[in-house]
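One-letter residues, chain by chain:
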Amino acid sequence: MPGKLKVKIVAGRHLPVMDRASDLTDAFVEVKFGNTTFKTDVYLKSLNPQWNSEWFKFEVDDEDLQDEPLQITVLDHDTYSANDAIGKVYIDIDPLLYSEAATVISGWFPIYDTIHGIRGEINVVVKVDLFNDLNRFRQSSCGVKFFCTTSIPKCYRAVIIHGFVEELVVNEDPEYQWIDRIRTPRASNEARQRLISLMSGELQRKIGLKVLEMRGNAVVGYLQCFDLEGESGLVVRAIGTACTLDKLSSPAAFLPACNSPSKEMKEIPFNEDPNPNTHSSGPSTPLKNQTYSFSPSKSYSRQSSSSDTDLSLTPKTGMGSGSAGKEGGPFKALLRQQTQSALEQREFPFFTLTAFPPGFLVHVGGVVSARSVKLLDRIHNPAFVGIMGNTRSYKLLDWNSFNSDEPETRDAWWAEIRQEIKSHAKALGCHAVVGYSESTSICEEVCILSASGTAAVLNPRFLQDGTVEGCLEQRLEENLPTRCGFCHIPYDELNMPFPAHLTYCYNCRKQKVPDVLFTTIDLPTDATVIGKGCLIQARLCRLKKKAQAEANATAISNLLPFMEYEVHTQLMNKLKLKGMNALFGLRIQITVGENMLMGLASATGVYLAALPTPGGIQIAGKTPNDGSYEQHISHMQKKINDTIAKNKELYEISPPEISEEIIGSPIPEPRQRSRLLRSQSESSDEVTELDLSHGKKDAFVLEIDDTDAMEDVHSLLTDVPPPSGFYSCNTEIMPGINNWTSEIQMFTSVRVIRLSSLNLTNQALNKNFNDLCENLLKSLYFKLRSMIPCCLCHVNFTVSLPEDELIQVTVTAVAITFDKNQALQTTKTHVEKSLQRASTDNEELLQFPLELCSDSLSSHPLPPAKEHLESASSNSGIPAAQRATSVDYSSFADRCSSWIELIKLKAQTIRRGSIKTTVTVEKASPVGDGNFRNRSAPPCANSTVGVVKMTPLSFIPGAKITKYLGIINMFFIRETTSLREEGGVSGFLHAFIAEVFAMVRAHVAALGGNAVVSYIMKQCVFMENPNKNQAQCLINVSGDAVVFVRESDLEVVSTQQPTANCQSSCTEGGPS
Amino acid sequence: MLGPGARSGISALPEVAWRRHARPQQCPARGARAPGVAMTSELDIFVGNTTLIDEDVYRLWLDGYSVTDAVALRVRSGILEQTGATAAVLQSDTMDHYRTFHMLERLLHAPPKLLHQLIFQIPPSRQALLIERYYAFDEAFVREVLGKKLSKGTKKDLDDISTKTGITLKSCRRQFDNFKRVFKVVEEMRGSLVDNIQQHFLLSDRLARDYAAIVFFANNRFETGKKKLQYLSFGDFAFCAELMIQNWTLGAVDSQMDDMDMDLDKEFLQDLKELKVLVADKDLLDLHKSLVCTALRGKLGVFSEMEANFKNLSRGLVNVAAKLTHNKDVRDLFVDLVEKFVEPCRSDHWPLSDVRFFLNQYSASVHSLDGFRHQTLWDRYMGTLHGCLLRLYHD
């Protein structure tokens, strides 16, 4: 009996009217945990009931504590008929189970109903007393911390990074049980929500057990996903990286270099100016760091490797990693040996992290990926049908008894893919895969499983127990750090796994580097980048015949390699068009629909100083005799060259030119020359007149041999760069921008288009899809124009094909403003400003009672306040024009000294009983203050809702995360049978997403937090039937609840830290 | 299955049937799609963690423009050139904002809810802006309905008002509903009218005072629509309303009454009959006149006109007071004041300063009338009237 859960129901507010006659509600609350239920008294006739209940106590196993959600149901009491449910609140109590996180959950939660949405709020207090039971790690894994963040969390230090943990659980989907035919949609939705909540809890507990087995204490980069497999069930699976983390006791304890990438990373790493010593130029070849291996395997599965992944970047300070590059030979070998031994003990040397402690990443090989097409078992499992319906307990029983083989099947599928990934990594001379992720796409009974990551060589220092840290550090410090180490090839030059074109590193000139580098990780902070980065997307559609089961799977397997190839070609072309040579955060999503396949690849392109300058793109015509055709070709060529030049200017890519030395062969690899890319000889005629600007560099040759190819070239040029003042990337931070302000705006945008079935050709599809994405981006730029100059970070596109002719694109990103003019020296004014701001915040409550006493209150009209606001915002340097429609929210919010506060307080004081005393002379004075009569002013707890920031990034600009409160993982279903009345599909989904945000914020606030970092919307499944006026949507979101403190609020000590560390990193970087 | 006829036999419950066991298979064609259009947007939304509010679009929405009109107006404002956006982008943006405003409207009907709700994260300054703008009204509109009963009947006339003022019907409705809502909430409520309005609608001080005036006028049904009153602005009336609320209502003497600031103090109105003696008693009237004339001789540009008109003016002002016992005459208060005082003075071209001198002296010298016992009553009446008349006296 290791735990006691205590719950108190305090009050409700804004409840809906449940009794039409009285326009009131008789509300009471049911509190349920496991199989125990408590009820509050009925609070008669009120929309703002005050239950103030006793403490409801549940005595439970900690296993249950981990698995079960606390379920709070608000009902309307009805004497004669059944009580009507108003709505529910599910509270995940996991954050209360580890010591460092939250101690109490207390606050207002939106009462949610799957049919009506949010219906009022309820104030709840939850506490857990854990008894110290020595056996408690038997079944449960209380105490293991979970983080969605894909880097070492800011206030921790990684002692050991153990490695990959994974788990999956399977159950029948309640929506597909026969009982669902006779129960209401509400009951069905609630069953589903509850089941998924249970399964998540169980999954997390099981993963926790694995972590404990590995002697770790935390999971970082925890990614949990649902596969809604329809008839064949519901899979909840999760992957993560087990670590042993140490809490950084005080912010003052600072160990440069070996520290976790904490706050200071935000500050310093950006002053890496383009290294003046960098060398550039030299030939380059189109080259793919990727292997294709088609291994058709039995069950219509086919894996192909290619590139893919996603996510974020937490920069790291300069240092580390370079040792091997510098010393080469023996040390490198030694390192490799160590790493090998450390990693070989692991089944899968995978890491879901995308940013690493300094020195962790030694070399990067390239992207590895594997896909496999599987046929979901239709329910041949006789036990599956029927029986289940009657038992409403979803616990373990279900899958244990009936589909015990199910998890194993899924496990085997994933194991197969992981094995594939592992072998790809080996082929690249790497022992590990970083930035690893897995995903699925399901349509009917076909499922594509994908996994991808970046093959890498790691420093064993973090991987082993009992590392002689001091010694290693010393050694690392002796080695002059280079910023190019990770670019150096890990594989053997003479025995390359794939044809690649190598040159000597343009930074250190000692080691070989490839001409292009694709990775799924964030840009390491110590990397030297020239200019700024940009979002690069490849978009592709392929029609496919409708088919059943096996034929369908075969068709998809056959299409996949072509899609991968084309996506890759597009990426390469676009990268070259931008004049860049490396991709970070690459994520390729292949989505399967009834009659088409969609591919969407997103990545952030940068120019790495260590890699050679990319060549241009040449166009070759097939029929050189035709004069007009040739003219056309050369016209196109000119356009392309112009675009490249323009992009170079736009992204400030100006690598120092270098005259000498061309290393390596300039000949394009024959491997690249399939359909689009032909050998140069065919186009030799043009070479002389073309592409002089790219001079001696070898160009990527595009041959236009049919209209298809023409389209491709056109589509290359249709990508419009973002309007000036805007940048975008899908990594955490935009390379080349460093002075972020604290203003952030996270958003989700969803678009669904319907294709007309008449012109479904591949080209039309491609164009539509391309337009869809481009228009979406344009809309975002327009909407966020008031934030200029700003950068869209962590832009995450998700494509799904909900119906035959529907394409749905969901984008989540965060817009962060930055200061164009001010460089880093502005910290002081910034500090002052925000200090001021902070003080207003803190003193809010104090201030107003004081002000009330003074006579001036009533005559405190808005103009001064407004002026204050205006002057403040003009101080912040935003041009007036943009302020017009300003979204300057964060700053507004921070200085909420506006008059509405005054009004509120006034209102409160009045309510306390206003006694009019003066009637005389003063009152006659016109428009004066005569109207304000005396009142006493006791305080009133009536504060507005606290601001909770949300961001997909792992940090908050201008702030320091002081505490992680626990993981937020929520799943919601919303359904309507009055679609038109709710404003159509757009109105319905708009309201739902707003509600999801609200519920996330409420949970974070109740935990005592003020932000969610690493926020991600993992699923947004939308189905509609406008004819029947119905729609349904499922959303799954997760993130880390945190407490942050504005940097300016921290004490002087901590503000000095970054400086100190900056110096250290500078000195480290200096001698190189 | 989706689609009609796809229901299985068991699904007698229509609402559970549609989503059964399959993702939507095919959605029956909805209407004829324009030929040649490759794709149509089904759904297009943008949701920010902090709710985006575009002030310009908000204004267009408040002004009652449809999305199409609003887009056209925005295009005309040159926003496309400034931002390089396309019309489609503008359309989508406008739709988004309209949707947001539509969702917010429910909360704006009870502004404290907007502050406490959790769905939209809006910074306080923006909340204030939303509320303030939502409750703002057009001068032209308020002049039309000021003093009218806020009933269904008046609501029907909104069509005409809309045509007359050029304000969209939608906007007229919003403004009218705002007046009515505020009226409903604060009527029969204790305490100061302005404070009550501020508490329940979180309006700025200025706007709350305006609403107090509107509510006060609607409650007392003062006539403001007569032709001879057309020269008066809402501000003039609001000014008078405020003075009257301060001095002539129940609230002016007793703060514990319901409706204290909305209804005129009946007892006071009854008592006003006593003032009649000032004009009925010839000696008193003569004495009053001589006192005023003595004091003002040489100080007034229009002295002779004043002297000639004194009895008429005084009779006018006192008779207005005496008549206020009847509801009908209360409604005509402003008509009477303009007829009996403003117009005669204006026709003699009194400058405003002379009016002020006269009224000061006129009110003050009553204190020197020994035979007159109702000094307090007179002050309560004239104090307010003094202020009102000065405000009403302009072209």
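Residues numbered from 1 in each chain as written. Chains lettered and ligands numbered in written order. Predicted model: local features only at pLDDT ≥ 70, side-chain atom pairs only at ≥ 80, totals over all residues. Heavy atoms only, no water.

## Examining the overall build of chain B
Then step 1. Each helix and strand counted, chain B has 22 helices and one strand in total.
Then step 2. Once local pairs closer than 6 in sequence are excluded, the contacts in chain B between residues at least 24 apart make up 70%.
Then step 3. When the accessible surface of chain B is split by element, carbon and sulfur atoms take 52% of a total near 16200 Å². (Helix = DSSP H or I, 4+ residues; strand = E, 2+ residues; numbered from the N terminus. Contact = heavy atoms within 4.5 Å. Areas by Shrake-Rupley, 256 points an atom, 1.4 Å probe, with all protein chains shown as cover.)

## Some points on the pattern of salt bridges
Then step 1. Under the criterion given, the structure shown has 48 salt bridges over all chains.
Then step 2. For Glu55(B), the salt bridge identified is with Arg126(B), shortest N-O distance 3.1 Å. Residue Glu55(B) is found in helix H2 (residues 55–62), and its partner Arg126(B) is found in helix H7 (residues 124–135); the two are separated by 71 residues along the sequence. Neither residue differs from the other here; Glu55(B) and Arg126(B) are each classed as buried.
Then step 3. One salt-bridge network, in which partners are shared between bridges, spans Lys783(A), Arg785(A), Asp54(B), Arg74(B), Asp93(B), Asp96(B) and Arg99(B). (Salt bridge = Lys/Arg side-chain N within 4 Å of Asp/Glu carboxyl O. Buried < 20%, exposed > 50% of the residue type's maximum accessible area, 1.4 Å probe, protein only.)

## Notes on the packing of helix H12 (residues 193–201) of chain B against helix H13 (residues 205–220) of chain B
Residues and elements named next belong to chain B.
Then step 1. Running from amino to carboxyl end, H12 crosses H13 at an angle of 120 degrees, the nearest separation of the two axes being 9 Å. With respect to H13, the element H12 is oriented oblique. In terms of crossing hand, the pair formed by H12 and H13 is right-handed. In this structure, H12 contributes Leu193, Val194, Ile197 and Gln198 to the contact, and H13 contributes Asp205, Ala208, Arg209, Tyr211, Ala212 and Val215. (Axes fitted to C-alpha atoms, helices over the stretch in contact; angles between N-to-C directions. Parallel < 35°, antiparallel > 145°, perpendicular 65-115°, else oblique. Left-handed = near helix turned anticlockwise from the far one by under 90°.)

## Focus: the sheet that holds strand S31 (residues 959–976) of chain A
Residue and element names in this part refer to chain A.
Then step 1. In spatial order, the strands read S30-S32-S33-S31; together these four strands make up an open sheet with mixed pairing. Pairing within the sheet leaves two strands with one partner each, and these edge strands are strand S30 (949–950) and S31.
Then step 2. For S31 and strand S33 (residues 1030–1046), the ladder comprises 16 bridges, and the chain directions are antiparallel. Residue pairing for S33: Ile968 is matched across the bridge by Gly1039. (Pairing = 2+ DSSP bridges.)

## Some points on the sheet that holds strand S22 (residues 582–592) of chain A
All names here are of chain A.
Then step 1. The strand order S20-S22-S23-S21 describes an open sheet built from four strands, whose pairing is mixed. Each end of this open sheet is capped by a strand with a single partner; those strands are strand S20 (517–518) and strand S21 (529–543).
Then step 2. Sheet topology places S20 next to S22; two bridges connect them, and they run parallel. When the bridges of S22 are listed, Phe518 appears paired with Leu583.
Then step 3. Against the sheet, helix H9 (residues 549–577) engages S20, S21, S22 and strand S23 (596–608), with an angle of about 150 degrees to S21.
Then step 4. In this fold helix H13 (residues 762–783) packs onto S21 and S23, with an angle of close to 140 degrees to the strand it touches most, S21.

## Re the confidence of the model for chain A
All names here are of chain A.
Then step 1. Within chain A, residue pLDDT values average 71, and 63% of them lie at 70 or more.
Then step 2. Taken together, the stretch residues 823–943 has pLDDT below 50 and engages in 186 contacts with residues farther than four places along the chain or on a different chain.
Then step 3. Contacts from residues 1052–1072, a stretch scored under 50 in pLDDT, to residues over four places away or in other chains number 28 contacts. (pLDDT = per-residue confidence, 0-100.)

## A few points about the side chain of His162(A)
Residue and element names in this part refer to chain A.
Then step 1. Within the secondary structure layout, His162 lies in strand S10 (residues 156–171).
Then step 2. The class of His162 is buried, set by a relative accessible area of 6%.
Then step 3. There is a polar contact of 3.4 Å between the side chain of His162 and the backbone oxygen of Met214. (Polar contact = N/O pair within 3.5 Å; in protein donor to acceptor, adjacent residues only side chain to side chain.)

## Brief notes about the environment of Ser1014(A)
All names here are of chain A.
Then step 1. With respect to the element layout, Ser1014 can be found in strand S32 (residues 1011–1025).
Then step 2. Ser1014 sits in the buried class, given a relative accessible area of 8%.
Then step 3. A distance of 2.9 Å separates a polar atom in the side chain of Ser1014 from a polar atom in the side chain of Thr149.

## Some words on the packing of helix H11 (residues 169–186) of chain B against H13(B)
Each pair of packed helices gets described by two things: the angle between the helix axes and the distance between those axes.
All names here are of chain B.
Then step 1. One way to put it is that H11 packs onto H13 with a least axis distance of 10 Å and a crossing angle of 80 degrees. In terms of orientation, H11 lies roughly perpendicular with respect to H13. For the pair H11 and H13, contact is made by Asn178, Phe179, Val182, Phe183 and Val186 and by Tyr211, Ile214, Val215, Ala218 and Asn219, respectively.
Then step 2. Looking at the contact of H11 with H13 residue by residue, the class counts come to eight nonpolar, two polar and no charged. (Nonpolar A, V, L, I, M, F, W, Y, C, P; charged D, E, K, R; others polar.)

## Overview of the packing of aromatic side chains
Then step 1. Using the criterion set out here, one finds 50 aromatic pairs over all chains in the structure.
Then step 2. Their ring planes at 80 degrees and their centres at 5.1 Å tell us that Phe147(A) and Tyr964(A) sit as a pair that is edge-to-face. Taken together, the residues span a long stretch of sequence, with Phe147(A) in the loop between strand S9 (145–146) and S10 and Tyr964(A) in strand S31 at a distance of 817 residues. Each member of the pair, Phe147(A) as well as Tyr964(A), is classed as buried.
Then step 3. Through successive ring pairs, a cluster of aromatic residues spans Tyr58(B), Trp61(B), Phe101(B), Tyr134(B), Tyr135(B), Phe137(B), Phe141(B), Phe179(B), Phe201(B), Tyr211(B) and Phe234(B).
Then step 4. Directly above the aromatic system of Phe782(A) lies the positively charged group of Arg785(A), at a separation of 4.2 Å from the ring centroid. (Phe/Tyr/Trp six-rings, centres within 6.5 Å; stacked < 30°, edge-to-face > 60°. Lys NZ or Arg CZ within 6 Å of the ring centre and 35° of its normal.)

## Side note on the pairing of strand S12 (residues 234–247) of chain A
Residues and elements named next belong to chain A.
Then step 1. The buried fraction of S12 is high, at 12 of 14 residues.
Then step 2. Summarising the sheet, S10 and S12 pair through 14 bridges and their orientation is antiparallel. Pairing of Gly163 across the sheet is with Ala242, part of S12.
Then step 3. Note: strand S11 (residues 218–228) against S12, nine bridges, orientation antiparallel. Across the sheet, the residue bridging to Phe226 is Val236, located in S12.

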